[in-house]
Amino acid sequence: MLGSSMGHSLGHSVVVSAPPDRALRREVLRWIQGLDLSHSVKNVRRDAANGFLVAEICSRYFPADIQMHSFSNGSSTAVKADNWDQLARFFTRAMPQVVLDASAVDGVMRMSQGVAVDVLEMLYSVFTLKELPPAAPIMDENSYAPMSPQGGSRGGGMPSHMPGSKPLSKTMASGPGVQFGTIKTMPLESAAAARQRIAAAGM
């Protein structure tokens, strides 16, 4: 949603900037809320940066392999590095099919645009076996051409592509990739059933 803070005046024109990041999709947010985590997701970049959120999600499916008392919900670089190191060892030990790309982990830790959303959406697909449709393209900041002082074109409507403007981007810039192999889980199975099938399929 574009708010007043997303635009700035330029003479008699208004330049509308695109939102800086995309939010979690509703089905992914509902899934996370249904896991009854200790903290709600309010700011995806910030909440995912230290790995605590990802650890809690995985602990719902692998409670014996993720000990939450060993993870810290802090914001220091040392805390982030330790949490993500534990997660990397967890995936290697319990889910070897799941490969966390090092550059993606670094992107989440640094709160780079879109990377945390990519990771959480991939976890959603891994644990629910539900494919997400392609994300809608994000408009670049030059998608809108300056308006005339009268507030529109002479014909009374805004043309689909005005001189000097750029068309909407057809592809969304994404962060570093996150690979999760071919692991599959069933949509409505229990966490215990998921663990058993994951172990049987991957070992």
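Residues numbered from 1 in each chain as written. Predicted model: local features only at pLDDT ≥ 70, side-chain atom pairs only at ≥ 80, totals over all residues. Heavy atoms only, no water.

1. What about the overall build of the protein chain?
- Of regular secondary structure, the protein chain possesses seven helices and two strands.
- Taken from the N to the C terminus, the helices and strands of the protein chain come in the order β-β-α-α-α-α-α-α-α.
- When each of the 203 residues of the protein chain is scored for burial, the buried share is 36%.
- Sequence separation of 24 or more characterises 67% of the internal contacts of the protein chain that already satisfy a separation of 6 or more.
- About 11900 Å² of surface is accessible on the protein chain, with carbon and sulfur atoms providing 56% of the total. (Helix = DSSP H or I, 4+ residues; strand = E, 2+ residues; numbered from the N terminus. Buried < 20%, exposed > 50% of the residue type's maximum accessible area, 1.4 Å probe, protein only. Contact = heavy atoms within 4.5 Å. Areas by Shrake-Rupley, 256 points an atom, 1.4 Å probe, with all protein chains shown as cover.)

2. Quick look at the confidence of the model for the protein chain
- Put simply, the protein chain has an average pLDDT of 74, and 61% of its residues get 70 or more.
- Ranking the elements of the protein chain by mean pLDDT puts strand β1 (residues 7-10) last with 46 and helix α3 (residues 52-61) first with 96.
- The model gives residues 165-177 a pLDDT under 50, and that stretch makes 28 contacts with residues more than four places away or in other chains. (pLDDT = per-residue confidence, 0-100.)

3. Focus on the environment of M111
- Counting through the fold element by element, M111 comes out in the loop between α5 (102-109) and α6 (115-128).
- Its relative accessible area of 36% is what places M111 among the partly exposed residues.
- Sequence separation between M111 and D47 is 64 residues; the distance between their C-alpha atoms is 9.4 Å.
- What M111 contacts, discounting residues up to four positions off in sequence, is R45, R46 and A49.

4. Looking at the pattern of salt bridges
- The full count for this structure, using the stated rule, is five salt bridges.
- Of the charged contacts, one joins E121 and R25 as a salt bridge, the two residues approaching to 3.1 Å between their closest N and O atoms. One end of the pair, E121, is in helix α6; the other, R25, is in the loop between β2 (13-16) and α1 (26-34), with 96 residues separating them in the sequence.
- Assessed through its relative accessible area of 7%, E121 is described here as buried.
- In this structure R25 comes out as buried when scored by relative accessible area, which is 18%.
- Between R46 and D47 there is a salt bridge, with the nearest N and O atoms lying 3.4 Å from each other. (Salt bridge = Lys/Arg side-chain N within 4 Å of Asp/Glu carboxyl O.)

5. Observations concerning the packing of aromatic side chains
- Taken as a whole and assessed by the stated rule, the structure comprises four aromatic pairs.
- Ring geometry for W31 and Y124: centres 5.6 Å apart, planes at 75 degrees, overall edge-to-face. Here the residue W31 occupies a position in helix α1, and Y124 occupies one in helix α6, the gap between them amounting to 93 residues. Here the two residues W31 and Y124 agree in accessibility, since each one is buried.
- Taking the centre distance of 5.5 Å and the plane angle of 70 degrees together, the rings of F62 and F90 count as edge-to-face. With F62 in the loop between α3 and α4 (77-94) and F90 in helix α4, the pair connects residues that are 28 residues apart, well separated along the chain. (Phe/Tyr/Trp six-rings, centres within 6.5 Å; stacked < 30°, edge-to-face > 60°.)

6. Quick look at α6
- Spanning 14 residues, α6 covers 20 Å between terminal C-alpha atoms, matching the ideal 20 Å at 1.5 Å per step.
- By the criterion of burial, α6 is predominantly enclosed, with 13 of the 14 residues buried.
- Positive backbone phi, approximately 60 degrees, marks L129, located one or two places after α6. (Expected span 1.5 Å × (residues − 1).)

7. Brief notes about the packing of α1 against α6
- Two elements in contact, α1 and α6, have axes separated by 10 Å at closest approach and are oriented at 70 degrees. In terms of axis orientation, α1 runs roughly perpendicular to α6. Every pair of crossing elements has a handedness; the one defined by α1 and α6 is left-handed. Of α6, the residues touching α1 (which contributes E27, V28, W31 and I32) are L120, E121, L123, Y124, F127 and T128.
- A breakdown of the residues in the contact of α1 with α6 according to their chemical character gives seven nonpolar, one polar and two charged. (Axes fitted to C-alpha atoms, helices over the stretch in contact; angles between N-to-C directions. Parallel < 35°, antiparallel > 145°, perpendicular 65-115°, else oblique. Left-handed = near helix turned anticlockwise from the far one by under 90°. Nonpolar A, V, L, I, M, F, W, Y, C, P; charged D, E, K, R; others polar.)

8. Regarding the nonpolar core
- The biggest cluster of nonpolar side chains holds 42 residues, and the ones touching the most others in it are W31, I32, I57, M95, L120 and F127.
- For this core, the secondary structure elements donating two or more residues are α1, α2 (44-49), α3, α4, α5, α6 and α7 (191-202).
- The element best represented in this core is α6, accounting for nine residues.
- Aside from chain neighbours lying at most four places away, what touches W31 is I57, Y61, L120, L123, Y124, F127 and T128. (Core = buried A, V, L, I, M, F, W, Y, C linked by side-chain atoms within 4.5 Å.)

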